[in-house]
Amino acid sequence: REVKRRRQSDPANIIRQSLDADDPASAVLAALDALHPPHPEYHALRRELKRRLSLDYAAVQPASPRTAVGEATWPDAPAATYAPDVIARLRLNLERWRWLPHRFGTEHVLVNVPAARLRLRDGDSTVLDMTATVGQPEPDWQTPVLSDPIRSVAFFPTWTPTVTIQRREIIPQAREDGGQGLYEKGFDVYRGGRRLDPRDVDWSRARAGQYRIVQRGGPQGALGRVKFVMPNPYYILIHDTNTPEEFDGDERALSHGCVRAEDPGALADAILTRTNGWSSTRASEMIEGRPRSSGVRLRERFPVHIVYFTAWPGESGDVDTFEDLYGRDAELAAALGIDLGEPAVHAAER
């Protein structure tokens, strides 16, 4: 949708209309400025980059205005006082902002993968800010960057492992224990519409995709007590977990790609209060109550943006940096011709 919107905007026409204004120079500059992402975080990073690249020009002026230029002593211009890798990281993350939709929606969920954090934002206010777990660095499990709305909320949801998860985890484990682990964790196996006890399946001959394997909803379900359904080609969801201790560690790239929310009850309350008019605690009370699978379709879609930023404006005006979980900084730097070891002041934004 964002690509389609941008293609419908003719840059030449934007400049042409600006030239017809009473003050064409100012109009052209304003039109070019309007092409920047409007997000305050983008402009905060630009200001930080400008500050880090600023030079003390007073240090390179002649000692006295009466001194002839040819006789003046010009000291060496001071170099940037910050590490080149920090300068490069700011530039890389400014580029990432340019890929995103210009409008996130007044109310939306924002997940920053390298920070492993989830926020629900309402205008300029952050309503919720919680720890999250994200996809493992292994290529098959990395959490993708995407913008997609939540369309429904499911309580005590079932879980159907993908063919990849079947092949790499479910079936190898079942071969070792004869399906006992699947039975104990509440899995059913289906073939041809017939439900099978996992202990009755010949797992030594099983192939990924041959059976439909479904875990019943409940406290020990892999998706936990609630999931937030976002239809997308990557099968990415936001959901609860049956291993809440994972939020206590520093290493939180643990999932198969989905985002696990530390406080899914608060997230469900916040969303369903805004979209369906629920009371402020109804959803969390359902989660804490007797396990019963049910689903609620949102009356209004709730935007979600999963992003990948290794630099983010901090609350005190500085910049927070995060580990490049998936090694994307080097890949992007190579594509843009940015040297991660040198600041390249002449090419940077000012």
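Residues numbered from 1 in each chain as written. Predicted model: local features only at pLDDT ≥ 70, side-chain atom pairs only at ≥ 80, totals over all residues. Heavy atoms only, no water.

Chemist: Which residues make up the overall build of the protein, and what are the values?
Modeler: Regarding its fold elements, the protein presents 10 helices and 14 strands. Within the protein, buried positions represent 43% of all 350 residues. Restricting to contacts in the protein with at least 6 residues of sequence separation, those with at least 24 account for 67%. Of the roughly 19,300 Å² of accessible surface on the protein, 48% is carried by carbon and sulfur atoms. (Helix = DSSP H or I, 4+ residues; strand = E, 2+ residues; numbered from the N terminus. Buried < 20%, exposed > 50% of the residue type's maximum accessible area, 1.4 Å probe, protein only. Contact = heavy atoms within 4.5 Å. Areas by Shrake-Rupley, 256 points an atom, 1.4 Å probe, with all protein chains shown as cover.)

Chemist: Can you break down the sheet that holds strand 6 (residues 194-196) residue by residue, with the values?
Modeler: The pairing of strands in a sheet comes from backbone hydrogen bonds and takes either a parallel or an antiparallel form. A sheet is described by the order of its strands in space; here three strands give the open sequence 6-5-7, paired in antiparallel fashion. Both outer strands of the open sheet, strand 6 and strand 7 (212-215), are each paired with one neighbouring strand and no more. Strand-to-strand twist across the sheet, computed as the mean angle between neighbouring axes with direction ignored, equals 30°. Pairing between strand 5 (residues 187-191) and strand 7: four bridges, direction antiparallel. (Pairing = 2+ DSSP bridges. Axes fitted to C-alpha atoms, helices over the stretch in contact; angles between N-to-C directions.)

Chemist: Would you mind going over the pattern of salt bridges in detail, with residue names and values included?
Modeler: Taken as a whole and assessed by the stated rule, the structure comprises 19 salt bridges. We note a salt bridge from Glu-48 to Arg-52, for which the minimum N-O separation is 2.6 Å. Of this pair, Glu-48 and Arg-52 both sit in helix 4 (residues 40-53), four residues apart, roughly one helical turn. Each member of the pair, Glu-48 together with Arg-52, is buried. (Salt bridge = Lys/Arg side-chain N within 4 Å of Asp/Glu carboxyl O.)

Chemist: A description of a negative patch on the surface should follow, citing residues and the corresponding values.
Modeler: Taken together, the side chains of Glu-245, Asp-248, Glu-262 and Asp-263 define an acidic patch exposed on the protein surface. Within the element layout of this structure, Asp-248 appears in the loop between strand 9 (238-239) and strand 10 (253-255). (Patch = residues over 30% accessible without salt bridge, like charges linked within 9 Å, V, L, I, M, F, W, Y side chains within 5 Å. Lys, Arg positive; Asp, Glu negative; His and termini not counted. Charge placed at Lys NZ, Arg CZ, Asp CG, Glu CD.)

Chemist: For the packing of aromatic side chains, give the residues involved together with the corresponding values.
Modeler: Within this structure, the stated rule accounts for eight aromatic pairs. Judged by centre distance (6.0 Å) and plane angle (65°), the ring pair of Trp-159 and Phe-187 falls under edge-to-face. One end of the pair, Trp-159, is in the loop between strand 4 (146-155) and helix 6 (163-177); the other, Phe-187, is in strand 5, and 28 residues separate them in sequence. What makes Trp-159 buried here is its relative accessible area of 17%. According to the relative accessible area criterion, Phe-187 is buried, its value standing at 4%. Of note, Arg-199 hangs over the ring of Tyr-183, and the distance from its end group to the ring centre comes to 3.5 Å. (Phe/Tyr/Trp six-rings, centres within 6.5 Å; stacked < 30°, edge-to-face > 60°. Lys NZ or Arg CZ within 6 Å of the ring centre and 35° of its normal.)

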